[in-house]
Amino acid sequence: MYLNGLDVPGSDQEAVKLYRLAAEQGFVEAQYNLGVMYANGRGVPKSDQEAVKWFRLAAEQGDAQAQSNLGHMYLEGRGVPESGQEAVKWFSLAAGQGDALAQYSLGVIYEGGWGVVQDDQEAVKWYRLAAEQGFAEAQSSLGAMYANGRGVPESDQEAVKWYRLAAEQGDARAQSNLGVMYANGRGVPESDQEAVKWYRLAAEQGDARAQSNLGHLYADGRGVPESGQEAVKWFRLAAEQGYSEGQFNLGIMYLNGWGVPESDQEAVKWFRLAGEQGYSDGQFNLGIMYMNGRGVPENYQEAVKWFRLAAEQGDAQAQSNLGHMYLKGQGVPESRQEAVKWFRLAAGQGYALAQYSLGVIYEGGWGVVQDDQEAVKWYRLAAEQGDAQAQSNLGRMYANGLGVPESDQEAVKWYRLAAEQGYAEGQSHLGYMYLNGRGVPESDQEAVKWFRLAAGQGYALAQYSLGIVYEGGWGVVQDDQEAVKWYCLAAEQGYALAQYKLGHMYARGEGVPKNYVEAYAWSSLSASQGNVDATELKDSLLSAMTSAQVAEAKKRSYEIFGRIESGNLQQ
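In this text, all values refer to a predicted model and were calculated from it rather than measured experimentally.

What counts and how
Residues numbered from 1 in each chain as written. Predicted model: local features only at pLDDT ≥ 70, side-chain atom pairs only at ≥ 80, totals over all residues. Heavy atoms only, no water. Helix = DSSP H or I, 4+ residues; strand = E, 2+ residues; numbered from the N terminus. Rg over C-alpha atoms; globule rule 2.2 N^0.38 Å. Buried < 20%, exposed > 50% of the residue type's maximum accessible area, 1.4 Å probe, protein only. Contact = heavy atoms within 4.5 Å. Areas by Shrake-Rupley, 256 points an atom, 1.4 Å probe, with all protein chains shown as cover. Lys, Arg positive; Asp, Glu negative; His and termini not counted. Charge placed at Lys NZ, Arg CZ, Asp CG, Glu CD. Phe/Tyr/Trp six-rings, centres within 6.5 Å; stacked < 30°, edge-to-face > 60°. Expected span 1.5 Å × (residues − 1). Axes fitted to C-alpha atoms, helices over the stretch in contact; angles between N-to-C directions. Left-handed = near helix turned anticlockwise from the far one by under 90°. Nonpolar A, V, L, I, M, F, W, Y, C, P; charged D, E, K, R; others polar. Polar contact = N/O pair within 3.5 Å; in protein donor to acceptor, adjacent residues only side chain to side chain. Salt bridge = Lys/Arg side-chain N within 4 Å of Asp/Glu carboxyl O. Parallel < 35°, antiparallel > 145°, perpendicular 65-115°, else oblique.

Draft legend 1. Seen up close, the overall build of the chain. What the chain contains, in helices and strands, is 31 helices and zero strands. Since a compact globule built from 571 residues should have a radius of gyration of about 25 Å, the 37 Å found for the chain marks it as more spread out than a globular shape. With the C-alpha coordinates aligned to their principal axes, the bounding extent of the chain is approximately 125 × 50 × 45 Å. Taking all 571 residues of the chain together, the buried fraction comes to 50%. The contacts of the chain with a sequence gap of at least 6 include a subset with a gap of at least 24, amounting to 46%. When the accessible surface of the chain is split by element, carbon and sulfur atoms take 48% of a total near 25700 Å². Positive and negative side-chain charges in the chain, numbering 47 and 72 respectively, have mean positions lying 2 Å apart.

Here it is as structure tokens:
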């Protein structure tokens, strides 16, 4: 009565006094209650040793609650040396008397293998006994065992059943898990509204996972009106509890300026907190921030550090990025062998960019024995996932019979898939197939269509090709000025054939006023890249030029070269 303040003024000290009198006479309930008072520091200075003393006296008389509490003291090393074996001993005695807390505790111990051989089936047995008595935490744990098929056959329906029983008692973990089941349609019809309901109940109790998941639903507008502000609110609550996924998600919101002012510095802060807890997505994103100098100074060594941490956890994107860092020697010594190692790990997980990269490496023989068939294998795996670069390269392998039997039809098929995704190289190659009637009926109009799409993206080969069709009047009205325009755009990117053609147009005065200085400058640039026709053109111009014009042309050539190199560096 003194403990609960019933009928008399509440006084822990008076309660302790009366419990002690009874306990010293061997009264078991008083011994148990006195142990509770010492364990919680109520009416007496907190003392785990005294708590253990009184729990033990009651436990040795067969009191199940005291046995269970004594088990917890051993499990946590409070007032006694930590001992899983002793904990199991006392929990077993209490559980055998039907004590639900002890049964649940044994389930936890067997699931974790603490002081016993890990045994999911034994864990399920004890969880079930406690759950059938209505013990909410056991119901929640039993649900998780069914959800994951641990110790029992996997059953989403059984999982939902036990989660619901615990959730309806207010168990936050079960409410959160029930939300997951509704969000994913596992064991119940998918329902974002139901997911929101259960996440919110758990989130309002402070469950960090539920807070983060509720934030996702607000961010995606699932089951609730889309709201960046609400998403940030819930992500922040989870993040401030140290929940790594919440920290990562809050970083994403700052990165994109969604629901908060955009801030790379804040994004880095939250990515770092998540990454330092081992959250691989946080580590990967932090690597990206260092690689691109966003929110932190650009630092390839730091980028490599974080990519590696994520990669070693099996993050395919991080493995692929780490491969690229080794391939380019960024933050690490250049090593094609290391690059191949990391690309292969990512590619083995089905990551298309890494599969494409392996295709490039095998085609070029970089760090591996050159092997077109192996290149085709990796290009195909990436291409079948919709990777446009791989589709275009696979088309090229078919067009040239590299690693596969030559097939214009297959080449067109893969070029078209890449082209329809807007990939300039695929568009340009598809235009070439139409221009030459390879794998498709010859059509200058179709060729021009695809060249124009690629050229509009700045793809030099397509710009050069448009110059060719305008110069020749293929599929378009013949127009030398338009041809010069496209040759010039490609030539300014350093494309040797376009430089030669532009020099040729200046030499003849086609589409531009005749100008031997410009003709010599452009043909010289093309010749320096090994173009034989350009060399012949340059040499032929010398007889028509004065020494002053030649000097001016050479100066002009250096100016153009410097501009092209500067542009390439900027890209």
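Draft legend 2. Representation of the packing of aromatic side chains in the model. Within the structure shown, the criterion is met by nine aromatic pairs. Taking 6.0 Å as the distance between ring centres and 40 degrees as the angle between the ring planes, the aromatic pair formed by Y356 and Y379 counts as tilted. Placement of the pair is Y356 in helix α20 (residues 352-364) and Y379 in helix α21 (residues 372-383), with a sequence separation of 23 residues. Just as Y356 is buried, Y379 falls in that class too. One aromatic cluster is present, formed by Y104, Y127 and F135 through successive ring pairs.

Draft legend 3. Region of interest: helix α11 (residues 192-203). In this model α11 runs 16 Å from its N-terminal to its C-terminal C-alpha over 12 residues, within 8% of the 16 Å that 1.5 Å per residue would give. All of the buried residues in α11 are D192, A195, V196, W198, Y199, A202 and A203. Its buried side turned inward, α11 meets α9 (156-167), α10 (172-184), α12 (208-220) and α13 (228-240).

Draft legend 4. The packing of α13 against helix α14 (residues 244-256), seen in detail. α14 packs onto α13 with a crossing angle of 145 degrees between their chain directions and a minimal axis gap of 8 Å. Crossing geometry of α13 relative to α14 is assigned as left-handed. Between α13 and α14, the contacting residues are G228, A231, V232, F235, R236, A238 and A239 on the first element and G246, Q247, N249, L250, M253 and Y254 on the second. Counted by class, the contact of α13 with α14 contains eight nonpolar, four polar and one charged residues.

Draft legend 5. Local environment of the environment of Q133. Along the chain, the position of Q133 falls in the loop between α7 (120-131) and α8 (136-148). Separated by 373 residues in the primary sequence, Q133 and Y506 place their C-alpha atoms 94 Å from one another. Among all residues touching Q133, those that are not within four sequence positions of it are G98, D99, A100 and Q103. A polar side-chain atom of Q133 sits 2.8 Å from the main-chain carbonyl oxygen of G98. Among the polar contacts listed, one links the side chain of Q133 to the side chain of Q103, at a separation of 2.8 Å.

Draft legend 6. Local environment of helix α28 (residues 496-508). With 13 residues, α28 extends 19 Å between its outermost C-alpha atoms, agreeing within 8% with the 18 Å of an ideal straight helix rising 1.5 Å per residue. Judged by how many residues are buried, α28 sits mostly within the fold: 11 of 13 residues are covered. Buried residues of α28: A496, A498, Q499, Y500, K501, L502, G503, H504, M505, Y506 and A507, and no others. Looking at the residues trailing α28, positive phi occurs at G509, about 70 degrees.

Draft legend 7. Spatial organisation of the pattern of salt bridges. Tallied over the full model, the rule gives 28 salt bridges. Salt-bridge contacts for D12 lead to R42; the nearest nitrogen and oxygen are separated by 3.0 Å. Here D12, found in helix α1 (residues 12-23), pairs with R42, found in the loop between α2 (28-40) and α3 (48-59); they are 30 residues apart in sequence, far enough to count as distant. Judged by its relative accessible area of 22%, D12 falls in the partly exposed class. The salt bridge partner of E302 is K305, with a shortest N-O separation of 3.9 Å. Linking E302 with K305, this pair stays in helix α17 (residues 300-311), spanning three residues, or about one helical turn. Looking at E302, the relative accessible area reads 22%, which means it is partly exposed.

Draft legend 8. Quick peek at the packing of helix α27 (residues 480-491) against α28. Close contact between α27 and α28 brings their axes to 8 Å; oriented N to C, the two are set at 140 degrees. As the angle between them shows, α27 and α28 are arranged oblique. You can see that α27 and α28 cross each other, and the crossing is left-handed. Of α28, the residues touching α27 (which contributes D480, A483, V484, Y487, C488, A490 and A491) are A498, Q499, K501, L502 and M505.

Note that all results are geometric; they support no functional claim without further evidence.
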